[in-house]
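# Fold and geometry: a report
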Amino acid sequence: MSTKSDFKDSRPISSFFLRKPKVRLISLLSLPMTWIVGVYIVSLFLLLITAFWNVDPFTSRVSPGFNLENFIMVFTVPAYIATSIRTLFIALSVTAICVLLAVPLGIYMAKIAKPWLRNILAVAITLPLWAGYLVKIIAMRLVFTEEGFFNWLMAPLGIRGPGFSIPIVILTLTYLWFPYMALPVYTAIRQIPPNLFDASSDMGAKGFTTVYRVVIPLIVPAIIAGSVFTFSLSLGDYLAARFTGGATQMIGSIIAANINLNPPVAAAYSMIPIAFVVIYLMVARRTGSLERM
Amino acid sequence: MLRLSRLTRVALGGVVLFILFFMYTPLMVLILNSFNESQISGWPIESFSTKWWEFARSYQPIRDALLNSVLVATGAMVIASILGTLVAFAMKGFSFFGKGTVNILIVLPIALPGVVTGVAFSNTYSNFLTPMGFNIGYFGMIVAHSTFCIVMVFNNVFARLRRMNPNLQEASADLGAGLWQTFRLVTFPQFRTSFAAGALLAFALSFDEVVVTIFTAPPGVDTLPLWILKEVGRPNQASVVNVVATVVILLSLIPVYISQRLARAQEDER
């Protein structure tokens, strides 16, 4: 560096940036951070502020104020409480079904399937992720509608589908988010060293015991990582309920219904899914599973 | 090796077949129904025809919606590519106070439920910006989409930068290249495939998005998913919706396919 002064500095701007990493960092980060904080975080903050505002019941116009009533409503109106509990139940059911399907799939892909079949299955599981969110919802609607595929398939057995209701919402959400669970679980099972299986069977464990005592404990972090997606995506969803749930309402349904009529209530109710997701993320973080995502 | 009885293996295979059936049947039912001659979708399909495809091709609202979708996705892709790449460079080259926070900020727009993101934007636009005399209109939709697309570009570019050899940049500087010249001739060629892959994923994500769009689209403007949404709400579900849905599947899969190919090409390069 001491010889530097011998040269004529032909690139003053570049040298300046090279010598000042802080300036370099700030110039890299300023634009994206201005965007995310200025556009998104400010919007979330304004949403929180709006939750305290008043609304004119006739014109639906909001006016600034400090009013705790919107929050009190969210926690006391029975319909709102019931919807929060129902949504939580749906999101947990979706997560549970995803785990129950992902573990056998992962074991099959990682330990039984031949390499070529494994690759095909990996693509087959990933592909529907990109087939379009709304498209998949209306596809499920077509399958479970009165004159739909499910009733046609089950007619010889004398079974009729339940029609659009909570079980179909759970199925639709499982359909939407299953790959988010299947992929991390499969990857985790593949990473288990094969000699653990040998050791387990040398000690006399049968297949099921090995799965239960060796595989499951080792893939818990992957299951938690996957459940962050299946849980929070289901929790905030409302179009699945709208199109495959009949009269089923979820948290999102109430937020969406209120955003034009009564923005402060919509804003206050938005804090519920935010709180659920943040709590879930914090619990998941404690287990150290988030590093795997 | 994991020792499983023959019966267990067969049972596991059965579960896998069931999962594949569960994942692909709805899409097949939908795609086949786009060739249903009847106006109302259902199963089994009585007779097939391409009449709804021809109808959709010349139906103006669908064309407008397609144009809007492409415009919004392109805008979001361009903005997200620039912002995502900048963040990726900052996160790669420096360790600084608040790095974890920056990471969370990037992921947050996609981690929070779409309805919350949508309502937050809609609230800002209509309860704050409009009263201040600033009508954001069409651009509001692009702003919202760009925000949750940043993470796609960031993830791809960051993953590539992490595996890049930093000595090359230093060598370039030692040889007298300026920052821009180094970026153009040394750094960019090394990550351009990841950059393109991330940008395509951002395009696909935006093209497919509906919840945030519901709340941020100005009145009377439809994207393709928004158009589907409005049509499905009507009592007699016309088969033409399935045509548009099939188009959405294809147009989201093509960018993803290309991006996978790019990623693979990059693996081979190394």
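Whatever comes next refers back to the structure up there.
Quick look at the structure, then. What you see is a predicted model, and the numbers here were worked out from it, not measured in a lab.

### Considering the overall build of chain A
When helices and strands are counted, chain A shows 13 helices and 2 strands. Dimensions of chain A along its principal axes, counting C-alpha atoms only, are 85 × 70 × 35 Å. For chain A, buried positions account for 44% of its 293 residues. Partitioning the contacts of chain A with sequence separation of at least 6, the portion at a separation of at least 24 is 73%.

### Let's talk about the overall build of chain B
For chain B, the helix and strand inventory stands at 11 helices and 0 strands. Of the regular secondary structure in chain B, the N- to C-terminal order runs α-α-α-α-α-α-α-α-α-α-α. Computed over C-alpha atoms, the radius of gyration of chain B comes to 23 Å, more than 25% over the 18 Å expected from 2.2 N^0.38 for 270 residues, which places it beyond the range of a compact globule. Projected onto the principal axes, the alpha-carbon positions of chain B cover approximately 75 × 70 × 30 Å. Here chain B holds 270 residues, and 46% of them are scored as buried. When contacts within chain B are restricted to residue pairs at least 6 apart in sequence, long-range pairs at least 24 apart make up 77% of them.

### Re the packing of helix 2 (residues 21-50) of chain A against helix 3 (residues 60-93) of chain B
At a closest axis distance of 8 Å, the pairing of helix 2 of chain A and helix 3 of chain B adopts a crossing angle of 135°. Classified by the angle between their axes, helix 2 of chain A and helix 3 of chain B sit oblique to one another. Where helix 2 of chain A crosses over helix 3 of chain B, the two elements pack in a sense that is left-handed. Taking contact as the criterion, the partners of Leu 25, Leu 28, Leu 29, Leu 31, Pro 32 and Trp 35 of chain A in helix 2 of chain A are, on helix 3 of chain B, Leu 83, Leu 86, Val 87, Phe 89 and Ala 90 of chain B. Residues belonging to the contact of helix 2 of chain A with helix 3 of chain B are distributed by class as follows: 11 nonpolar, no polar and no charged.

### Quick word on the nonpolar core
Ile 138 and Val 185 of chain A together with Ala 80, Ala 202 and Val 244 of chain B are the most contacted members of the largest nonpolar core, which has 161 residues in total. Looking at this core, the element that brings in the most residues is helix 8 (residues 166-191) of chain A, giving 17 residues. Domain assignment of the residues forming this core places at least three in each of domain 1 (2-50) and domain 2 (73-292) of chain A. When sequence neighbours within four positions are dropped, the list of residues in contact with Ala 80 of chain B reads Ser 146, Cys 149, Ile 150, Met 152, Val 153 and Ala 202 of chain B.

### Considerations on the environment of Ala 155 of chain A
Along the chain, Ala 155 of chain A turns up in the loop between helix 7 (149-154) and helix 8. Counting along the chain gives 120 residues from Ala 155 of chain A to Ala 275 of chain A, while the straight-line C-alpha distance between them is 44 Å.

### Details of the interface of chain A and chain B
Tallying the contact residues gives 68 residues for chain A and 71 residues for chain B. The element best represented in the side of chain A that touches chain B is helix 2 of chain A, accounting for 15 residues. Here the side of chain A that touches chain B is built from residues that sort into 52 nonpolar, 12 polar and 4 charged.

### Let's talk about the packing of helix 4 (residues 78-112) of chain A against helix 10 (residues 207-236) of chain A
Residue and element names in this part refer to chain A. Where helix 4 contacts helix 10, the axes come no closer than 9 Å and their chain directions differ by 140°. Overall, the two elements helix 4 and helix 10 adopt an arrangement that is oblique. Handedness of the crossing formed by helix 4 with helix 10: right-handed. Of the residues in helix 10, those in contact with Thr 87, Ile 90, Ala 91, Val 94, Thr 95, Cys 98, Val 99, Ala 102 and Ile 107 of helix 4 are Val 211, Val 215, Ile 223, Gly 226, Ser 227, Thr 230, Phe 231, Ser 234 and Leu 235.

The rules we used
- Residues numbered from 1 in each chain as written.
- Chains lettered and ligands numbered in written order.
- Predicted model: local features only at pLDDT ≥ 70, side-chain atom pairs only at ≥ 80, totals over all residues.
- Helix = DSSP H or I, 4+ residues; strand = E, 2+ residues; numbered from the N terminus.
- Buried ≥ 20, exposed ≤ 12 C-beta atoms within 10 Å, placed from the backbone.
- Contact = placed C-beta atoms within 7 Å.
- Rg over C-alpha atoms; globule rule 2.2 N^0.38 Å.
- Axes fitted to C-alpha atoms, helices over the stretch in contact; angles between N-to-C directions.
- Parallel < 35°, antiparallel > 145°, perpendicular 65-115°, else oblique.
- Left-handed = near helix turned anticlockwise from the far one by under 90°.
- Nonpolar A, V, L, I, M, F, W, Y, C, P; charged D, E, K, R; others polar.
- Core = buried A, V, L, I, M, F, W, Y, C linked by C-beta atoms within 7 Å.
- Domains from an automatic or database assignment.

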